[in-house]
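# Overview (structure and organization)
So the chains spell out like this:
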Amino acid sequence: DVKVTQSSRYLVKRTGEKVFLECVQDMDHENMFWYRQDPGLGLRLIYFSYDVKMKEKGDIPEGYSVSREKKERFSLILESASTNQTSMYLCASSSPQGPTYEQYFGPGTRLTVT
Amino acid sequence: AQSVTQLDSQVPVFEEAPVELRCNYSSSVSVYLFWYVQYPNQGLQLLLKYLSGSTLVKGINGFEAEFNKSQTSFHLRKPSVHISDTAEYFCALPHAGNMLTFGGGTRLMVKP
């Protein structure tokens, strides 16, 4: 069965802390994505990666960075957390083989920055 | 540029009633469309997808959607909802090979 896991379901951090969100997929997918989900705004893409050590900015990359050292793992980093980064964070993966490009999602991490 | 608009942010409905969740899209190229569902405290899972062929697409849990090119719509329907259908539903437009553009989501609230 397809599996995308995220390291934490709930996380509470203080303003200014460095935060790491981890995502692991077991489907040997090349593509991995980080989204944030806010009410009424749907999912917005933060960063994505087509391959190991490759990364591309999405629609809202400011305040975030990513790391992909292994194919199965994609990390989202908040260098200095701020209260406006309180949100639900979703990781996804997909194969580059078309035509569906279906993305498979993890359960999400609800991050609260106080 | 591609965009997806979900016209209703919340849809309350009584159990066993029919429901329609509306989605309109904008795209300058050939279109695929997805509907995802997110149950409380879970990630998204694919409900159904339109790739080509028949404009009426059937998905899991009794849901179906109709692709209408002239109206640029992909509305999701179910003839009789259950309490367990309470969730958030997202319409999504694949593009650029691997990307998805999502609508803002519709929260379906099924009442007993």
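Above this text is the structure in question.
Presented here is an overview of the structure given in this document.

Here is what the cut-offs are and how they apply
Residues numbered from 1 in each chain as written. Chains lettered and ligands numbered in written order. Predicted model: local features only at pLDDT ≥ 70, side-chain atom pairs only at ≥ 80, totals over all residues. Heavy atoms only, no water. Helix = DSSP H or I, 4+ residues; strand = E, 2+ residues; numbered from the N terminus. Rg over C-alpha atoms; globule rule 2.2 N^0.38 Å. Core = buried A, V, L, I, M, F, W, Y, C linked by side-chain atoms within 4.5 Å. Buried < 20%, exposed > 50% of the residue type's maximum accessible area, 1.4 Å probe, protein only. Contact = heavy atoms within 4.5 Å. 1 Å grid on protein atoms, 1.4 Å probe; cavity = no way out; pocket = protein on both sides within 12 Å on 5 of 7 lines; lining within 4 Å. Points joined across faces, edges and corners; volume = space filled by probe spheres on them. Nonpolar A, V, L, I, M, F, W, Y, C, P; charged D, E, K, R; others polar. Salt bridge = Lys/Arg side-chain N within 4 Å of Asp/Glu carboxyl O. Phe/Tyr/Trp six-rings, centres within 6.5 Å; stacked < 30°, edge-to-face > 60°. Disulfide = S-S within 2.5 Å.

This next bit is on the overall build of chain A. Within chain A, the secondary structure is distributed over zero helices and eleven strands. When the helices and strands of chain A are read in sequence order from the N terminus, they spell out β-β-β-β-β-β-β-β-β-β-β. In terms of overall dimensions, chain A is globule-like: its C-alpha atoms have a radius of gyration of 13 Å, near the 13 Å expected for 114 residues. With the C-alpha coordinates aligned to their principal axes, the bounding extent of chain A is approximately 40 × 30 × 25 Å.

With that out of the way, let us pick up the nonpolar core. Core analysis: the largest hydrophobic core is formed by 29 residues, its most contacted members being Leu21(B), Trp35(B), Leu48(B), Phe74(B), Leu76(B), Tyr89(B) and Leu108(B). Here this core gets four residues from one element, more than from any other, and that element is strand E10 (residues 87-95) of chain B. Among residues more than four places away in sequence, those in contact with Leu76(B) are Val19(B), Glu20(B), Leu21(B), Trp35(B), Leu47(B), Leu48(B), Phe63(B), Glu64(B), Ala65(B) and Tyr89(B). Core analysis: the second largest hydrophobic core is formed by 21 residues, Leu11(A), Trp34(A), Ile60(A) and Phe74(A) among them.

Attention shifts here to unusual backbone geometry. Residue Glu16(B) is not a glycine yet carries a positive backbone phi of 75°. The topology assignment puts Glu16(B) in the loop between strand E2 (10-14) and strand E3 (19-21).

A word on the layout of surface pockets. One way to see where empty space is left: roll a probe the size of a water molecule over the atoms. Quantified by volume, the largest pocket comes out at close to 420 Å³. Of all elements in the fold, only strand E4 (31-38) of chain A together with E10 and strand E12 (106-111) of chain B reach the threshold of two or more residues within the lining of the largest pocket. Class assignment for the residues of the lining of the largest pocket results in seven nonpolar, eleven polar and four charged.

Residues and elements named next belong to chain A. Considering all chains together, one arrives at 14 salt bridges over all chains under this definition. With its nearest N and O atoms 4.0 Å apart, the salt bridge here joins Glu22 to Arg73. Note that Glu22 is positioned in strand E3 (residues 19-25) and Arg73 in strand E8 (residues 73-78), a separation of 51 residues in sequence. Judged by its relative accessible area of 37%, Arg73 is partly exposed. Salt bridges sharing partners connect three or more residues here, namely Asp28, Glu30 and Lys71.

We describe a pair of aromatic rings using the distance from one ring centre to the other and the angle between the two ring planes. With the rule as written, the count across this model stands at 15 aromatic pairs over all chains. Ring geometry for Phe33(A) versus Tyr35(A): centroids 6.2 Å apart, planes at 25°, classification stacked. Residue Phe33(A) is classed as buried on the basis of its relative accessible area, which comes to 0%. Measuring from centroid to centroid gives 5.4 Å for Phe63(B) and Tyr89(B), while their planes differ by 45°, and the two rings are tilted. On the criterion of sequence distance, the pair formed by Phe63(B) in the loop between strand E7 (56-58) and strand E8 (64-68) and Tyr89(B) in strand E10 is long-range, its members being 26 residues apart. Of the two residues examined, Phe63(B) and Tyr89(B), each falls in the buried class. Among the aromatic side chains, those forming a connected cluster through ring pairs are Phe33(A), Tyr35(A), Phe48(A), Tyr50(A), Phe105(A), Phe34(B), Tyr36(B), Phe90(B) and Phe102(B).

This structure, assessed with the given rule, holds two disulfides over all chains. Note that Cys23(A) is cross-linked by a disulfide to Cys91(A), the S-S spacing being 1.9 Å. Here the disulfide of Cys23(A) and Cys91(A) is left-handed, its torsion about the S-S bond being about -75°. Separated by 68 residues along the polypeptide, Cys23(A) in strand E3 and Cys91(A) in strand E9 (residues 87-94) bring together distant segments of the chain. Judged on exposure class, the residue Cys23(A) and its partner Cys91(A) are both buried. A sulfur-sulfur separation of 2.0 Å characterises the disulfide bridge that pairs Cys23(B) with Cys91(B). Judged by the torsion about the S-S bond (-65°), the Cys23(B)/Cys91(B) disulfide is left-handed.

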